[in-house]
Amino acid sequence: MAPLRIGIMGCASIALRKLLPAMAALPGTEIAAIASRNAGKAADAARTYGCRAVKGYPALLDLDDVEAVYLPLPNTAHAGWIERALAAGKHVLAEKPLTTSVSRTRELIAAARSAGLVLMENVMFLHHSQHVAVRKLLADGAIGDLRAFHAAFAVPARPPGDIRHRADLGGGALLDTGVYPVRAAMSFLGSEIDVVAAVLTRRHGHPVESAGQALLCTADGVGASATFGIDHAYRSGYELWGSEGRLVLDHAFTPPAGHVPVLRLERRSGVEEIPLPPDDQVANTLDAFAAAVRSGRLPGNDDVLRQAVLVDDIRTKARVHADHATEPGGIRP
């Protein structure tokens, strides 16, 4: 089949570092055009890939040879441009979160389904084979009955002007890193987990939270903790704790393509470290998107909507701690 011709809506860092190189390398995708509000940025990025540079996002949606768009814009801009892209008849791959509200997420999922268009949220870790290996060991009873799930994703502090610190652009740790452990908990415990309690912390005078933790629970009492942040030492992993052992996976959410995952299985008999094959979750995600478009099999997106509900519940139920008197490094003046 002909490669899926994708237009890029914005020159965000994740597009330049990860998605564009993967699109250019895959036989199933082709970069048709790169758009930016800044004509110079568009031209610089397009020159690298030998494609068309477009000034302004509306002009990108007017191009007949663009079948789909990849949207890496700030969080608050997602809903409006997804809506316009669907109205223009384009399939959409949008960075997470799909939108910043449950109602808009529900509306856009319904609009895409009604139009027969693929709308996909770019949560790439779901497409890495290491999680399949974890799920198989769990199903085979390697750790007995599951008792608890713990996941954490946190990254070092960004510069003061970074969009993650801006409330008007949908910044904050919950939407930036929190969706990863929440979605991982859904993946292993089922989508009907509920939020029991949460805490969100605002540090250094920022208007958005820089750290948080949520406690979730299944109907039969299996608990899940999700820890997240944007001013931490880096951590990206999860563990499943069972009646007879524990499964631990590091580098769970953003491993590079060449990374060799090591799954740790702890039981009474000892600790076993199981190397897993490297995998490219960026390429896998793009392949899945292109395959959905070409096959006409629309994603159900029920989990995307449920994730939006859980994230909203975390914010609603959270105890918010605002530490305006703390300087970077945790030093009080």
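Rules behind the numbers
For every chain, the first residue of the written sequence is number 1, and numbering continues from 1 onward in sequence order. Since the coordinates come from a predicted model, pLDDT governs what is reported: local features require at least 70, and pairs of side-chain atoms require 80 or more to be given and counted, while whole-chain, interface and lining totals use all residues. Side-chain measures here rest on the full set of heavy atoms in the structure, leaving out hydrogens and waters. Here, any two strands with at least 2 DSSP bridges between them count as paired. A helix here means a DSSP run of H or I that spans at least four residues, while a strand means a run of E at least two residues long, and both kinds are numbered starting from the N terminus. Where helices are involved, their axes are fitted lines through C-alpha atoms of the stretch in contact, as for all axes, and angles between N-to-C directions lie from 0 to 180°. Contact definition: two residues touch when any of their heavy atoms are within 4.5 Å. Any residue under 20% of the maximum accessible area for its type is buried, any over 50% is exposed, and the rest in between are partly exposed; the area is computed with a 1.4 Å probe on protein chains only. The definition of a right-handed crossover adopted here requires that, viewed with the strands pointing away, the path from the first strand over the helix to the second runs clockwise. The working definition used for a salt bridge is a side-chain nitrogen of Lys or Arg within 4 Å of a carboxyl oxygen of Asp or Glu. Working definition of a nonpolar core: buried Ala, Val, Leu, Ile, Met, Phe, Trp, Tyr and Cys residues. They are joined through side-chain atoms within 4.5 Å.

### So, the sheet that holds strand β14 (residues 270-275)
Logical step 1: Spatial ordering of the open sheet is given by β14-β13-β12-β11-β7-β10-β9-β8-β15, a layout of nine strands whose pairing is mixed. Sheet topology places β14 and β15 (318-323) at the edges, where each strand pairs with a single neighbour. Between one strand axis and the next, the sheet turns through 10° on average, direction left out of account.
Logical step 2: Running over the sheet, helix α6 (residues 130-139) touches β7 (146-154), β11 (235-242), β12 (245-250), β13 (262-267) and β14 and is turned about 180° from β12.
Logical step 3: Sheet contacts for helix α7 (residues 173-189): β7, β9 (211-217), β10 (223-229) and β11; angle to β10, the most-contacted strand, approximately 155°.

### Here we look at the pairing of strand β6 (residues 119-122)
Logical step 1: Side chains L119 and E121 of β6 all project onto a buried face; the interleaved residues M120 and N122 project onto the opposite face, where all are buried too.
Logical step 2: In this sheet, β6 lies alongside strand β5 (residues 91-95) in parallel orientation, the contact comprising four bridges. Looking at β6, one finds that L93 is bridged to M120.
Logical step 3: Considered for its hand, the β-α-β crossover made up of β5, helix α5 (residues 102-115) and β6 is right-handed.

### With respect to the sheet that holds strand β2 (residues 29-36)
Logical step 1: Across the sheet, six strands lie side by side as β3-β2-β1-β4-β5-β6; this open sheet has parallel pairing. Edge positions in the sheet fall to β3 (52-55) and β6, since each of these pairs with one other strand and no more. Across the sheet, the mean angle from the axis of one strand to that of its neighbour is 25°, orientation sign disregarded.
Logical step 2: Sitting on the sheet, helix α2 (residues 39-49) touches β2 and β3, and the angle it makes with β2 is about 160°.

### Looking at unusual backbone geometry
Logical step 1: Residue K96 is joined to P97 through a cis peptide bond whose omega torsion reads -10°.
Logical step 2: Not every positive phi belongs to a glycine, and H251 is a case in point at roughly 50°.
Logical step 3: With respect to the element layout, H251 can be found in the loop between β12 and β13.
Logical step 4: Looking at H251, the relative accessible area reads 40%, which means it is partly exposed.
Logical step 5: Positive phi is not limited to glycine here, since N301 has a value of about 65°.
Logical step 6: By the secondary structure assignment, N301 is in the loop between α8 (281-295) and α9 (302-317).

### Side note on the pattern of salt bridges
Oppositely charged side chains are able to pair whenever their charged atoms sit close together.
Logical step 1: Going through the model one piece at a time under the given rule, you end up with 19 salt bridges.
Logical step 2: A salt bridge links E83 to R104; its shortest N-O distance comes to 3.3 Å. Separated by 21 residues along the polypeptide, E83 in helix α4 (residues 78-87) and R104 in helix α5 bring together distant segments of the chain.
Logical step 3: Accessibility expressed as a relative area gives 22% for R104, which makes it partly exposed.
Logical step 4: Within the structure, one salt-bridge network assembled from shared partners comprises R5, E30, R52 and D65.

### Observations concerning the nonpolar core
Logical step 1: With 47 residues, the main nonpolar core has V134, F149, L216, Y238, L240 and F253 as its most contacted residues.
Logical step 2: For this core, the element with the highest residue contribution is α7, accounting for 11 residues.
Logical step 3: Those residues in contact with F253 that lie beyond four places of it in its chain are F125, A151, A152, F153, Y180, P181, A184, S236, G237, Y238 and Q281.
Logical step 4: Core analysis: the second largest hydrophobic core is formed by 28 residues, C51, V282, L286 and V293 among them.

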